[in-house]
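Commentary on secondary and tertiary structure
Each chain, letter by letter, is given below.
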Amino acid sequence: MTPVGSAHDRAVPRKRVRTRHFQNAKENGIPIVGLTSYDMLSAAIFDAADIDFLLVGDSAGNNVFGNETTLSVTVDQLIPLTRAVAGAAKRALVVADMPFGSYEGGPDDALRTAVRFMKEANAHAVKLEGGVRSAAQIRRIVDAGVPVMGHIGFTPQSEHGLGGHIIQGRGDGAEALLADAHAVEDAGAFAVVLEMVPSDIAGRVTKELRIPTISVGAGPNTDGQLLVWTDFAGFSQGRTPRFVKQYANLTQVLTDAVTAFRADVASGAYPAPEHEYEG
């Protein structure tokens, strides 16, 4: 499948993916593909592979800083990570996750955080969690000229209030999810992430909304898919979510490499003559 922003949408090679390409993708049935990224090395690889957008997620709290949840990660921690990703990505849209506590105070609080990510980190867009409850914040940021990606369904920053990692939108929760989706769209978001939502409900949301929907464990009936890169590459430790398909086992690859390096040093095989400089 032609990547978003490719073919006739790209006048020159490696043209930057813009929010308008997301809308074009939805209208033309082109799947949107996203991964998280927290550093310039992974960002450059994913960008070269035509991943459409890179999310510098608050999941860095788990995957970079070793925290149990995403709740303790801060704006000051995410800004340098976002700057690194934005500097490496030549094509992908770079979306900065607004962490817990950086927008709940109201629209002006949210705008201040968004401006920091745009000015200090060179992000192209921001993402924040919540539907109806965050609509005023989304609208304020969008009115200031900053693109916003919404996030509804299971919202990790609210995991304690939700009672843990609970699938959202089941039964009576379907109507609340739909209300959140429409609130995000009406507030001006260019796309919305649906996390841990039954696929039939996600499909209904996708049909009702004009903006693209991005699945994180919301099945195939959406306009795009997003995964945490350390999960899909077999790099994360602990339980892997049901919706994750592992495309590699980087933990084993690195373990084998480190073991071989240590053995070579212990045996004297490294460094060999070809690794020395002559006097």
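Residues numbered from 1 in each chain as written. Predicted model: local features only at pLDDT ≥ 70, side-chain atom pairs only at ≥ 80, totals over all residues. Heavy atoms only, no water.

1. A closer look at the sheet that holds strand β3 (residues 93-97)
One closed barrel accounts for 8 strands, arranged β1-β2-β3-β4-β5-β6-β7-β8; its pairing is parallel. For this sheet, the mean inter-axis angle between neighbouring strands, taken without regard to orientation, is 25°. Judged from the 4 bridges that link them, strand β2 (residues 53-56) and β3 form a sheet pairing that is parallel. Among the inter-strand pairings, L55 is bridged to a residue of β3, identified as V95. Strands in contact with helix α8 (residues 173-186) are β5 (148-153) and β6 (191-195); relative to β5, the strand with the most contacts, it is inclined by about 175°. (Pairing = 2+ DSSP bridges. Helix = DSSP H or I, 4+ residues; strand = E, 2+ residues; numbered from the N terminus. Axes fitted to C-alpha atoms, helices over the stretch in contact; angles between N-to-C directions. Contact = heavy atoms within 4.5 Å.)

2. Comments concerning the nonpolar core
One finds L54, M98, F117, V126, I141 and L194 to be the most contacted residues of the largest nonpolar core, which totals 57 residues. No other element matches the 7 residues that helix α4 (residues 75-88) contributes to this core. F22, A25, L93 and I214 belong to the second largest nonpolar core, which has 18 residues in total. (Core = buried A, V, L, I, M, F, W, Y, C linked by side-chain atoms within 4.5 Å. Buried < 20%, exposed > 50% of the residue type's maximum accessible area, 1.4 Å probe, protein only.)

3. Here's the deal with the domain arrangement of the protein
By the assigned domains, the protein splits into domain 1 (19-248) and domain 2 (250-278). Centre-to-centre separation of domain 1 and domain 2, based on C-alpha positions: 39 Å. (Domains from an automatic or database assignment.)

4. Thoughts on the pairing of β6
Among the 5 residues that make up β6, 5 are buried, leaving the element largely enclosed by the rest of the structure. Bridge count between β5 and β6: 5 bridges; the pairing is parallel. Within β6, the residue paired with G153 across the bridge is E195. Pairing of β6 with strand β7 (residues 213-216) involves 4 bridges; the strand directions are parallel. Among the inter-strand pairings, V193 is bridged to a residue of β7, identified as I214. In this fold, β6 hands off to helix α9 (residues 199-208), which returns the chain to β7; that crossover is right-handed. (Right-handed = clockwise from strand over helix to strand, strands pointing away.)

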